[in-house]
Structures are given as C-alpha cells and as structure tokens.
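Listed below, chain by chain, are the residues.
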Amino acid sequence: MILDVSHLSDHGLDHVRTIARRPYIASHSSCRALRDHPRNLTDDAIAAIARSGGFVALNAYGGFLATGTPTVDDFIAHVEH
C-alpha cells in the first residue's frame, strides 16, 4: 500500500510530511507555481514528496493546467517544471 496525497489540503499534506516513514505519492497533481489552484502542489510540497522517495504524476485536467483553454504546451510546462 502507498499513500496518495493528491486530494489532501495543504494542511493535510504538511501533516503527512511530519509523520511519513515511507515514500508517498501524488498520483494526479499539477504545479501551483504555474497555475494557482488549491488542488495543485507547491514547489515545496513537490520537493518533499521527492525527498520521501515518492513521485508526482501530473493531472491533465485543463482547469489545473492553465486559465482559459489549456494547450499541450501548458501540460509540457508542468512536466518541465
């Protein structure tokens, strides 16, 4: 079993960061630095997940990628970030 933090609030994710003893993941999240949405992860949260040995898989839902009509380039920007 692995803990998926994709639906946690910032406060919930902070709690996981303090108690986790094993890697945890975000199975479908995007980057808040590129699209300010509460479901997206901060750079600090992304780094904490990586430090735990876990990974972040991106969410391709348009509302999490860009304001307006998202493009493939918007998705690629999240990958590169």
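Fair warning: this is a prediction, and the values are worked out from it, not measured in the lab.

Draft legend 1. Spatial organisation of the environment of S52. Along the polypeptide, S52 turns up in the loop between α2 (43–51) and α3 (62–65). Separated by 32 residues in the primary sequence, S52 and A20 place their C-alpha atoms 8.1 Å from one another. In this view, S52 contacts R22, P23 and Y24; residues no more than four positions away in its chain are not counted. One polar contact links the side chain of S52 to the main-chain amide nitrogen of Y24, over a distance of 3.3 Å. A polar contact of 2.7 Å, which involves the side chain of S52, links it to the backbone oxygen of I49.

Draft legend 2. The pattern of salt bridges, seen in detail. In total, this model carries 3 salt bridges according to the counting rule given. Here D44 ties to R17 by a salt bridge, and the two come within 2.6 Å at their closest N and O atoms. Separated by 27 residues along the polypeptide, D44 in helix α2 and R17 in helix α1 (residues 10–19) bring together distant segments of the chain. Judged by its relative accessible area of 45%, D44 falls in the partly exposed class. Here the residues in one salt-bridge network are D14, R17 and D44, joined through shared partners.

Quick notes on the rules
Residues numbered from 1 in each chain as written. Predicted model: local features only at pLDDT ≥ 70, side-chain atom pairs only at ≥ 80, totals over all residues. Heavy atoms only, no water. Helix = DSSP H or I, 4+ residues; strand = E, 2+ residues; numbered from the N terminus. Contact = heavy atoms within 4.5 Å. Polar contact = N/O pair within 3.5 Å; in protein donor to acceptor, adjacent residues only side chain to side chain. Salt bridge = Lys/Arg side-chain N within 4 Å of Asp/Glu carboxyl O. Buried < 20%, exposed > 50% of the residue type's maximum accessible area, 1.4 Å probe, protein only.

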